[in-house]
Amino acid sequence: MAQDLAQRTGSKLHVHAARDREEVEFCLAVFGRRPIERLSEIDVIGKHLVIAHGMLATDHELTLLGKGQSAVAHSAIECLNILNSVPNVRLMRELGITVGLGCDNAVNDMFSAMRGAWILHTATRGIQGYDPEILDAGTILEMATRDASVLLGLDRHIGSLEPGKRADFVLLDGSGPHLRPSLDLLPELVRYACRGDVRDVVVDGRILVDNQRLCTLDLDEVQEKAQMAVHRLGPIAAKGRYR
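As the structure is a computational prediction, the values presented were derived from the model and not from experiment.

Novice: Quick question: what am I supposed to make of the packing of aromatic side chains here?
Specialist: How two aromatic rings sit relative to each other is set out by the distance from centre to centre and by the angle between their planes. The final tally for this structure, using the stated rule, is two aromatic pairs. Geometrically, the ring pair formed by Phe26 and Phe31 is edge-to-face, given 6.3 Å between the ring centres and 85° between the ring planes. Residue Phe26 is classed as partly exposed on the basis of its relative accessible area, which comes to 48%. For Phe31, a relative accessible area of 33% corresponds to the partly exposed category. Seen in terms of ring centroids, Trp118 and Tyr192 are 6.4 Å apart; in terms of plane orientation they differ by 85°. Their pairing is edge-to-face. Linking Trp118 in helix α7 (residues 110–128) with Tyr192 in helix α10 (residues 185–192), this pair joins segments that are 74 residues apart in sequence.

Here it is as structure tokens:
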């Protein structure tokens, strides 16, 4: 089985679960269990398991994941895209679940994902409980960097800037009016910085973006091929279940 292979190779098992109402209804009808309860029943939950989304997970299901020291990839903007639910990320973290921040689709760069997480959780549980720090900027940045690397099992190599790890970092141009004047840099970066502020990108010591110039891709060629793919795939996607 997949979890046996993951355990033998020290890899991660990535499963979309508790994302869709149809999925929950199917599992209840066929197995008599909710999705994450079913994963527990077949002994899949453990340190190697990464749940994508978990939007509709109950407190009981989250407790199962916490006891198994599993992880959740949280894509805040996807919660809005599919109109299902906003997961209780604070409870996840309190239960010992590693929560990494994800993009889930091409339009969500990590800056929009961080801002989306801040807005989503503040607008729901934050306002409800009058807790403006329901997910503070430091926590959100950790979810996008260090915790995400732990979730992937790559924290020995990436996720933070320190000796012995790969040199992965971005440099931002902070001169834009939306970032000035600066009073408290961390929340300002999480809430207001954007992809347009990225000046340089270095991955494993290799410069991929130099002064906002792509060094490894022909952008015009990529955009042309992407546009062709959109015209080809658009009619297929239009037949999706939400139409």
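Novice: In this structure, what is going on with the side chain of Thr139? I would like to understand it.
Specialist: As for its placement among the helices and strands, Thr139 is situated in helix α8 (residues 137–144). Separated by 3.0 Å, the side chains of Thr139 and Asp136 make a polar contact.

Novice: Help me understand the sheet that holds strand β8 (residues 213–214) in this model?
Specialist: Backbone-to-backbone hydrogen bonds join strands into a sheet, with any given pair of strands oriented parallel or antiparallel. As summarised here, the arrangement of the four strands in space is β5-β6-β7-β8, forming an open sheet in which the pairing is antiparallel. The strands lining the two open edges of the sheet, one partner per strand, are β5 (169–172) and β8. Bridge count for strand β7 (residues 206–210) against β8 is two bridges, and the pairing is antiparallel. Bridged to Asp210 within β8 is Arg213.

Novice: Even after reading the chapter, I still don't get the environment of Tyr130, so can you show me in this structure?
Specialist: Summarising the element assignment, Tyr130 is placed in the loop between α7 and α8. On a C-alpha basis, the gap between Tyr130 and Cys103 in space is 27 Å, while along the polypeptide they are 27 residues apart.

Novice: Is there a simple way to think about the nonpolar core in this case?
Specialist: The biggest cluster of nonpolar side chains holds 45 residues, and the ones touching the most others in it are Leu49, Leu65 and Leu101. Sort the elements by how many residues they give to this core and α7 lands first, with six residues. Leaving out residues up to four positions away in the same chain, Leu49 has contacts with Leu13, Val15, Leu39, Val44, Leu65, Ser70 and Ala71.

Novice: I keep staring at the side chain of His48 and nothing clicks. Help me out?
Specialist: On the secondary structure map, His48 appears in the loop between α3 (35–41) and β2 (49–53). A relative accessible area of 9% means that His48 is categorised as buried. At 3.1 Å, the side chain of His48 and the backbone oxygen of Val44 are in polar contact. Filtering out sequence-adjacent residues up to four positions away, His48 remains in contact with Gln3, Ala6, Gln7, Ser11, Lys12 and Leu13.

Novice: What am I meant to see in α7 here?
Specialist: Each turn of an α-helix holds 3.6 residues, which means side chains three or four residues apart point in the same direction. End to end, α7 covers 26 Å across 19 residues, agreeing with the expected 27 Å (1.5 Å per residue, within 8%). Among the residues of α7, those classed as buried are Phe111, Ser112, Ala113, Met114, Gly116, Ala117, Trp118, Leu120, His121, Thr122 and Gly126. One side-chain oxygen of the residue at the start of α7 lies 3.0 Å from the amide nitrogen of Phe111, identifying that residue as Asp109. Of the residues trailing α7, Tyr130 is marked for its positive phi of about 45°.

Novice: Help me understand the sheet that holds strand β1 (residues 13–17), please; the structure alone is not making it clear to me.
Specialist: Read from one edge of the open sheet, four strands run β1-β2-β3-β4, paired in parallel fashion. Each edge of the sheet is formed by a strand with only one pairing partner; in this case those strands are β1 and β4 (98–101). Direction aside, the axes of adjacent strands within the sheet are offset by 25° on average. For β2 and strand β3 (residues 71–74), the ladder comprises three bridges, and the chain directions are parallel. Among the inter-strand pairings, Ala52 is bridged to a residue of β3, identified as Ala73.

About the thresholds
Residues take numbers from 1 onward in each chain, read along the sequence in its written order. Thresholds applied to this predicted model are a pLDDT of at least 70 for local features of residues and 80 or more for the giving and counting of side-chain atom pairs; totals over whole chains, interfaces and linings are not thresholded and use all residues. By convention in this description, side-chain values take in all heavy atoms of the structure and omit both hydrogens and water. We call Phe, Tyr and Trp rings a pair once their centres come within 6.5 Å, taking the six-membered ring for Trp, and we label the pair stacked below 30 degrees between planes, edge-to-face above 60, and tilted otherwise. For every residue, the accessible area (1.4 Å probe, protein chains only) is compared with the maximum for its type, and the residue is labelled buried under 20%, exposed over 50%, or partly exposed between those bounds. By the criteria applied, helices consist of DSSP H or I runs no shorter than four residues and strands consist of E runs no shorter than two, each listed in order from the N terminus. The term polar contact refers here to a pair of N or O atoms within 3.5 Å; inside protein, the definition further demands a hydrogen-donor-capable atom paired with an acceptor-capable atom, and it admits residues adjacent in sequence only when both atoms are side-chain atoms. A pair of strands is labelled paired if DSSP reports no fewer than 2 bridges between them. For our purposes a nonpolar core is just a set of buried Ala, Val, Leu, Ile, Met, Phe, Trp, Tyr and Cys residues, chained together by side-chain atoms within 4.5 Å. It only takes one pair of heavy atoms within 4.5 Å for two residues to be counted as in contact. One fewer than the residue count of a helix, multiplied by 1.5 Å, yields its expected span. Axis geometry follows a simple rule: fit a line to the C-alpha atoms, using only the stretch in contact for helices, then measure angles between N-to-C directions, giving values from 0 to 180 degrees.

Shape descriptors only; they carry no functional weight alone.
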